[in-house]
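A structural walkthrough
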Amino acid sequence: MLKGRESLIRLVGRRRRFLRRRHSLLTSSAPQHQIGCKECKDEVSTGNGNVDEEEWVDCPVCGKKIRGEDRVVNSHLDKCLTRGSKRKLSQCTLFQLNFCTRPRVTVSSIESDVTRIDVGPSTDDGNICDLASVTFSKNICDLASEMNSSDGPENDIQDESKSSVCNRVNRMENLDGLLKLDDERKLLSDAKTMQIFGLEGSPQHQITDDRIDNIADSPLSLSEKRMPKCVEPSEDDDNSEILLDTFVVGRRFGNDGELTVGAMIMLSRDPENVKDQNAIKVLTKDTDHNKELGYIPRELAQYLSPLIDKFHLRFEGHITSIPQHPHAVVPIQIYSSGIVSFGEKDSSSLQVFNSLRRNALSAAEFSQTHSPIPAKYQHNLLLLLKEVLNINGHLFTEGEKTLLEAFLSLSDDSQRLFARLYARKGPWFRMASISYAEICDYEEAVKGLSEAECVTLFESMDKLQNNDLKEVLNVLNVGELRDLISSLNKTHKKIAQNSDRGTRKQDYIARVLAAYQGGLCPNLTSMILGKTGRCIRISASAESVFWRAERLFFLNGEQDLSEFLLVDLGIVKYPAYNCIFTDQIFPDRSDLLSYEEAIEVAQIMDESLDENNNELVSRCVEISASNVSSFVEEDRSSHSGSMAAFLSCFSASWVYSKVILLGVSFLEHEQRFKEAINLLKLLLDKFKCDRRRGYWNLRLSVDLEHVGCLDESLEVAEKGLLDPWVRAGSRVALQRRVLRLGKPPRRWKTPSFSSSVKRKIVEVHVQGRPLNCKTGVKNVFYGEDGDRCGVEELALQYYAGEGGSWQGVHTESGIWLTIFGLLMWDVVFADVPNVFRTKFQTAPLDLETDSFYEVRRDLIEALLDKIEHGMAEELLIMSWESHVGTACRGVNWDKHSLSELRAAVTCIGGPCLASICRNLAQDYRSWSSGMPDLLLWRFRDDYRGEAKLVEVKGPRDRLSEQQRAWLLFLMDCGFSVEVCKVSHAPI
């Protein structure tokens with residue numbers, strides 16, 4: 001795989017079905033440097049399928065056409081004035097400027113420019129007014145003016161009197177109500193809460209649909225359970241019969257069978273349930289056998305289970321009503337049978353019993369107003385939309401918000417069908433093959449989605465577009481395509497003569513497309529429709545808006561809605577931390593559109609490499625280079641703390657740089673070194689503060705040597721060593737190049753680093769019986785026990801025996817990153833603004849930046865001091881017991897046991913371990929790979945031990961520069977390091 005390809009794939013994530021700018025990006029006749037201009041972005045279609053009609057104005061500085069939005073105009077003017085490319089202005093030009101259209105005031109425009117949103121318990125509500133004390137007179141006047149002049153349905157604020165302006169102003173004093181949560185969940189939450197402080201320039205968009213506003217769960221606080229308020233026992237409690245109204249949930253996991261009103265049921269404990277040790281099953285109470293119907297809600301089961309286990313209560317009941325949906329929750333009434341008696345000495349047991357009884361009653365009452373959610377994936381999608389609109393509402397146009405509001409007003413069936421289709425590959429789906437148990441009425445669901453313009457239907461030949469034909473044909477199987485070809489051949493023999501005879505599905509599709517494009521069969525579309533039947537797909541406008549919402553929520557391409565499912569099923573447990581917002585990732589819409597356009601170019605680049613379309617690959621590289629050429633590195637000093645360090649990763653220029661880097665690898669593979677040199681020089685010129693500069697300098701020096709420019713190659717290597725962003729393996733590689741190329745007569749003076757780089761590393765030679773000797777294939781040997789093994793396992797066997805009775809593991813970087821994550825857990829998840837934006841993170845956004853150490857310097861150094869003075873094992877045990885199973889970047893709970901980690905930490909010693917942790921904290925990205933293969937340890941009689949690090953190399957292998965950099969660093973720290981070379985034993 002080409003260098004940078006894997007990184008680009010992770011960046012793109014799930015490929016989008018519709019790339020709106022594909023045609024304009026690849027075929028536009030406009031100058032290339034305009035392709036990535038923020039002000040030249042096409043607007044995404046609105047909810048009614050039309051392109052937003054926005055006023056475009058002339059920039060008074062450069063003369064370009066830009067959108068007449070305040071943010072766009074101000075941003076564009078700042079850049080023009082910074083570049084100094086001014087044209088002569090006249091007073092008339094300034095007076096005639098019309099930068100903004102007539103203001104359209106909405107809820108979002110009247111709310112505060114500075115907000116504080118508290119999700120979770122808060123004791124400070126009085127500061128809202130202080131934080132929101134910004135001048136709003138202009139917005140209020142604009143609103144009043146518009147309301148006076150517009151009384152029609154076009155007005156954004158419908159059915160409101162002029163007095164509503166005052167109501168809107170009052171709402172600014174209670175902005176924390178935007179993400180209002182239930183009091184019960186606030187009081188019982190045992191997790192850390194998310195707080196959003198001082199979010200500037202982000203007017204909030206409120207969704208008025210009750211179903212989304214009343215949702216109690218929030219993705220911003222996943223660890224907070226949706227549970228009722230606990231009730232303390234009182235003196236009036238007694239041990240009378242318990243009568244509860246609740247539900248049967250999880251019916252899809254129970255046995256099928258018809259339900260009847262009044263049917264008797266009973267409860268049975270399920271302590272072996274892997275998801276909930278308090279689980280209680282609901283069974284039918286039959287004379288012959290009991291059928292399982294489902295489970296009691298978890299919130300209620302946690303109180304009933306100890307009543308059943310400890311106090312031996314039995315619960316029976318009956319079904320009160322039958323739901324229409326086969327998998328909906330079933331209302332039931334249950335009651336306890338018998339009365340528990342307590343003696344005078346059992347006051348504590350009575351108190352526990354009464355507490356459980358009252359809390360069970362409270363949980364049952366809570367469940368009546370917060371009924372269980374039958375379709376969790378639908379619920380998760382609504383939660384995602386709510387949070388994105390609350391925090392990033394300013395990044396959506398009114399048309400896009402209208403589309404989302406239309407979706408939120410749809411029926412449950414429509415929302416569930418959309419969520420199902422959105423998660424599938426598609427893009428087209430046969431209506432006849434769509435079947436989901438939780439959707440009752442497909443016709444009404446499709447009708448609602450179609451009216452909201454969330455889906456596109458293919459049900460008649462006049463609705464079939466040329467570019468849709470191939471996608472529609474993909475829903476047919478090979479047999480159906482073969483029948484279609486046979487039908488065509490009977491009436492049009494030329495198709496059989498002129499078409500490829502391949503038997504693969506794509507060959508059949510190509511033959512049908514050839515017939516369609518050649519006009520050989522006028523009724524071809526009718527024949528296709530007869531085979532496919534009605535088809536449906538997500539509309540382009542809906543796909544674009546929902547993709548944007550998903551991207552803004554997760555901020556990466558690797559995560560999607562399935563993350564909610566993993567949490568719901570208990571497969572993944574994310575750590576608890578505070579999310580504190582003070583700045584926006586994307587200050588305005590133009591920044592987001594530029595970023596999205598760059599992602600589209602990256603996706604086209606990835607697809608082109610899959611298709612071996614070298615012409616399109618070159619075009620993507622040209623587009624990226626053109627955009628980077630016009631890029632001016634912004635001063636991010638205005639952003640707070642660590643945010644300035646990672647903010648560049650969400651810019652269009654950063655995405656284009658990854659496309660260019662992949663283009664460099666592509667050109668080098670094609671031996672087009674001169675073109676690769678030009679691209680590398682462009683990257684080094686435009687990105688002055690980037691940790692990738694080490695690799696760029698190294699490749700530039702190597703490519704210059706390929707074209708015979710040895711002097712320039714040496715000069716590039718020497719300048720690279722003066723660059724503070726060149727580190728770790730890249731630095732060692734450049735040093736070795738300078739020593740090799742800088743011999744007399746080019747250079748007469750020996751560099752100061754010569755003795756350090758040329759240090760000898762201890763080598764140990766081990767011989768083994770090879771199973772294979774092929775070049776390019778992983779070496780396999782026979783171990784001492786006769787089993788097959790790799791070179792690392794063979795080396796472990798050597799060190800366990802004649803090599804010195806060492807214990808150890810083959811881990812490479814894994815065990816070190818696990819130890820680092822466990823020891824530094826509280827530092828990694830410390831309260832730092834802006835680095836945690838969602839509850840689905842396993843590390844802060846600034847972990848791989850220099851600011852990680854700078855912002856947390858005091859915390860890190862205090863912890864390293866404890867490690868250095870021998871407290872590492874204690875800290876490790878505490879962290880393991882507190883967080884075992886919780887996802888954290890670099891921590892592998894399954895591969896390394898606590899005993900192995902304790903032994904390793906003890907034998908390594910405090911000073912050496914502190915040095916490694918400090919190195920990773922200061923530059924995690926550069927040093928998180930390339931560590932030695934084996935970590936070995938052995939104990940003495942006094943529980944003190946020693947450790948050794950070994951890099952294993954098989955025949956024809958050699959050390960990489962990153963591995964060499966680690967070995968040299970470890971030697972400086974005082975570690976015992978070796979290189980174990982495994983060779984073939986003589987026959």
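Definitions and cut-offs
- Residues numbered from 1 in each chain as written.
- Predicted model: local features only at pLDDT ≥ 70, side-chain atom pairs only at ≥ 80, totals over all residues.
- Heavy atoms only, no water.
- Helix = DSSP H or I, 4+ residues; strand = E, 2+ residues; numbered from the N terminus.
- Buried < 20%, exposed > 50% of the residue type's maximum accessible area, 1.4 Å probe, protein only.
- Contact = heavy atoms within 4.5 Å.
- Areas by Shrake-Rupley, 256 points an atom, 1.4 Å probe, with all protein chains shown as cover.
- Disulfide = S-S within 2.5 Å.
- Pairing = 2+ DSSP bridges.
- Axes fitted to C-alpha atoms, helices over the stretch in contact; angles between N-to-C directions.
- Salt bridge = Lys/Arg side-chain N within 4 Å of Asp/Glu carboxyl O.
- pLDDT = per-residue confidence, 0-100.
- Expected span 1.5 Å × (residues − 1).
- Parallel < 35°, antiparallel > 145°, perpendicular 65-115°, else oblique.
- Left-handed = near helix turned anticlockwise from the far one by under 90°.
- Nonpolar A, V, L, I, M, F, W, Y, C, P; charged D, E, K, R; others polar.
- Phe/Tyr/Trp six-rings, centres within 6.5 Å; stacked < 30°, edge-to-face > 60°.
- Patch = residues over 30% accessible without salt bridge, like charges linked within 9 Å, V, L, I, M, F, W, Y side chains within 5 Å.
- Lys, Arg positive; Asp, Glu negative; His and termini not counted.
- Charge placed at Lys NZ, Arg CZ, Asp CG, Glu CD.
- Core = buried A, V, L, I, M, F, W, Y, C linked by side-chain atoms within 4.5 Å.
- Polar contact = N/O pair within 3.5 Å; in protein donor to acceptor, adjacent residues only side chain to side chain.

Looking only at helices and strands, the protein chain features 41 helices and 21 strands. Per-residue burial for the protein chain yields a buried fraction of 52% across its 987 residues. The contacts in the protein chain between residues at least 6 apart in sequence include a share of 75% that link residues at least 24 apart. Carbon together with sulfur atoms contributes 48% to the accessible area of the protein chain, which is approximately 46500 Å² in total.

Going through the model one piece at a time under the given rule, you end up with zero disulfides. Residue Cys 973 stays outside any disulfide, its sulfur separated by 6.5 Å from that of Cys 912, the closest cysteine.

A word on the sheet that holds strand S9 (residues 314-319). The strand order S5-S10-S9-S6-S7-S8 describes an open sheet built from six strands, whose pairing is antiparallel. Edge positions in the sheet fall to strand S5 (243-248) and strand S8 (292-295), since each has one partner strand and no second. Geometrically, the sheet is characterised by an average inter-axis angle of 35 degrees between neighbouring strands, direction not taken into account. In the sheet, strand S7 (residues 280-284) pairs with S8 via three bridges, with the strands oriented antiparallel. Residue pairing in the sheet places Leu 283 in a bridge with Glu 292 of S8.

A side chain of one charge can pair with a side chain of the opposite charge when the charged atoms of the two come close. For the structure shown, the criterion picks out 47 salt bridges. The partner of Asp 606 in a salt bridge is Arg 5, with the nearest N and O atoms 2.7 Å apart. Remark: Arg 5 occurs in helix H1 (residues 5-12) and Asp 606 occurs in helix H24 (residues 589-610); sequence separation between them is 601 residues. Neither residue differs from the other here; Asp 606 and Arg 5 are each classed as buried. Between Arg 420 and Glu 438 there is a salt bridge whose closest N-O contact spans 2.8 Å. Of this pair, Arg 420 sits in helix H15 (residues 412-423) while Glu 438 is found in the loop between strand S11 (429-430) and helix H16 (442-451), placing the two residues 18 residues apart along the sequence. Judged by relative accessible area, which is 26%, Arg 420 ranks as partly exposed. The network of salt bridges with shared partners includes Arg 5, Arg 15, Asp 606 and Asp 610.

Moving on, we come to the sheet that holds strand S12 (residues 455-458). In a beta sheet, neighbouring strands are held together by backbone hydrogen bonds and run either parallel or antiparallel to one another. Read across the sheet, three strands follow the order S11-S13-S12 without closing on themselves; strand pairing throughout is antiparallel. Each edge of the open sheet is held by one strand with a lone partner, namely S11 and S12. The sheet contact formed by S11 and strand S13 (residues 535-538) spans two bridges and is antiparallel. When the bridges of S13 are listed, Phe 429 appears paired with Ile 536.

Here the focus is the pairing of strand S10 (residues 330-337). Both S5 and S10 contribute to a ladder of six bridges, which runs antiparallel. Within the sheet, the bridge partner assigned to Val 248 lies in S10 and is Val 330.

What follows deals with the confidence of the model for the protein chain. Across the protein chain, the average pLDDT comes to 77, with 72% of residues at or above 70. This model gives residues 85-229 a pLDDT under 50, and the stretch forms 297 contacts once residues within four places in sequence are excluded. Residue range residues 231-236 is modelled with pLDDT below 50. Its contacts to residues more than four positions away, or to other chains, number nine contacts.

Our focus in this paragraph is helix H28 (residues 673-686). Between its first and last C-alpha, H28 extends 20 Å over 14 residues, near the 20 Å set by a 1.5 Å rise per residue. For H28, the set of buried residues is Phe 673, Ala 676, Ile 677, Leu 679, Leu 680, Leu 682, Leu 683, Leu 684 and Lys 686.

Another aspect to go through is unusual backbone geometry. Pro 427 follows Gly 426 through a cis peptide bond whose omega is 10 degrees. Note on placement: Pro 427 falls in the loop between H15 and S11. For the peptide bond that leads from Pro 744 to Pro 745, omega is 10 degrees, which places it in the cis range. As for its placement among the helices and strands, Pro 745 is situated in the loop between helix H31 (728-741) and helix H32 (754-757). Even without being glycine, Asn 834 reaches a positive phi, approximately 75 degrees. Within the secondary structure, Asn 834 sits in the loop between helix H35 (825-828) and helix H36 (851-855).

Here we come to the packing of H24 against helix H27 (residues 652-669). Interhelical geometry of H24 versus H27 gives an angle of 20 degrees and a closest axis separation of 8 Å. Classified by the interaxial angle, the pair formed by H24 and H27 is roughly parallel. Every pair of crossing elements has a handedness; the one defined by H24 and H27 is left-handed. On H27, the residues that touch Ser 594, Tyr 595, Glu 597, Ala 598, Ile 599, Val 601, Ala 602, Met 605 and Leu 609 of H24 are Ala 652, Val 655, Tyr 656, Val 659, Leu 662, Gly 663 and Phe 666. Each residue belonging to the contact of H24 with H27 can be placed in one class, and the counts come to 13 nonpolar, two polar and one charged.

Our next topic: helix H38 (residues 898-908). Those residues of H38 not exposed but buried are Leu 901, Ala 903, Ala 904, Val 905, Cys 907 and Ile 908. Contact partners of the buried residues in H38: helix H34 (814-823), helix H37 (857-883), helix H39 (910-922), strand S19 (934-939) and strand S20 (945-953). At the exit of H38 stands Gly 909, carrying a positive phi of roughly 95 degrees.

Looking now at the packing of aromatic side chains. A complete count under the given rule lists 28 aromatic pairs for this structure. Relative to Phe 840, the ring of Phe 564 has its centre 4.8 Å away and its plane inclined at 65 degrees; by these criteria the two rings are edge-to-face. Of this pair, Phe 564 sits in helix H23 (residues 562-568) while Phe 840 sits in the loop between H35 and H36, and the two are 276 residues apart along the sequence. Take Phe 840: its relative accessible area is 1%, and that puts it in the buried class. One aromatic cluster in this structure is built from Tyr 577, Trp 825, Phe 829, Phe 836, Trp 880 and Trp 893.

Side chains of Glu 784, Asp 785, Asp 787 and Glu 802 sit close together on the surface and give a patch of like negative charge. Looking at the element boundaries, Glu 802 is found in the loop between helix H33 (791-800) and strand S18 (807-810).

Within the fold, Glu 471 resides in helix H17 (residues 469-473). It is 7.1 Å that separates the C-alpha atoms of Glu 471 and Pro 427, two residues lying 44 residues apart in sequence. Aside from chain neighbours lying at most four places away, what touches Glu 471 is Pro 427, Trp 428 and Arg 537.

With respect to the helices and strands, Ser 813 occurs in the loop between S18 and H34. Residue class for Ser 813 comes out buried when judged on its relative accessible area of 11%. Among all residues touching Ser 813, those that are not within four sequence positions of it are Ser 928, Ser 929, Gly 930 and Met 931.

Turning to the environment of Phe 586, a few remarks are in order. Relative to the helices and strands, Phe 586 is located in the loop between strand S14 (580-581) and H24. On the accessibility criterion, Phe 586 (4% relative accessible area) is buried. When the C-alpha atoms of Phe 586 and Leu 552 are compared, they prove to be 9.2 Å apart, with 34 residues separating the residues in sequence. Other than its neighbours up to four places away in sequence, Phe 586 contacts His 394, Leu 395, Leu 552, Asp 591, Leu 592, Tyr 595 and Phe 650.

Of all hydrophobic cores here, the largest spans 161 residues; its most connected members are Phe 407, Leu 417, Phe 418, Phe 546, Trp 816 and Leu 913. With 11 residues, H27 is the largest single contributor of residues to this core. With residues up to four places along the chain from it excluded, the contact list for Trp 816 reads Ile 908, Leu 913, Ile 916, Leu 920, Met 931, Leu 935, Leu 949 and Phe 975. Core analysis: the second largest hydrophobic core is formed by 28 residues, Leu 244, Ile 265, Leu 293 and Leu 307 among them.

The subject of this paragraph is the side chain of Arg 17. With respect to the helices and strands, the residue Arg 17 is situated in the loop between H1 and helix H2 (22-27). A polar atom in the side chain of Arg 17 sits 3.1 Å from the backbone oxygen of Leu 421. Within the local environment of Arg 17, its side chain forms a polar contact with the backbone oxygen of Tyr 422, the two atoms lying 3.3 Å apart. Among all residues touching Arg 17, those that are not within four sequence positions of it are Leu 421, Tyr 422, Arg 424, Lys 425, Pro 427, Ile 538 and Glu 543.

Now for the environment of Glu 444. Inspection of the secondary structure puts Glu 444 in helix H16. As a C-alpha pair, Glu 444 and Ser 414 span 30 residues in sequence and 7.5 Å in three-dimensional space.

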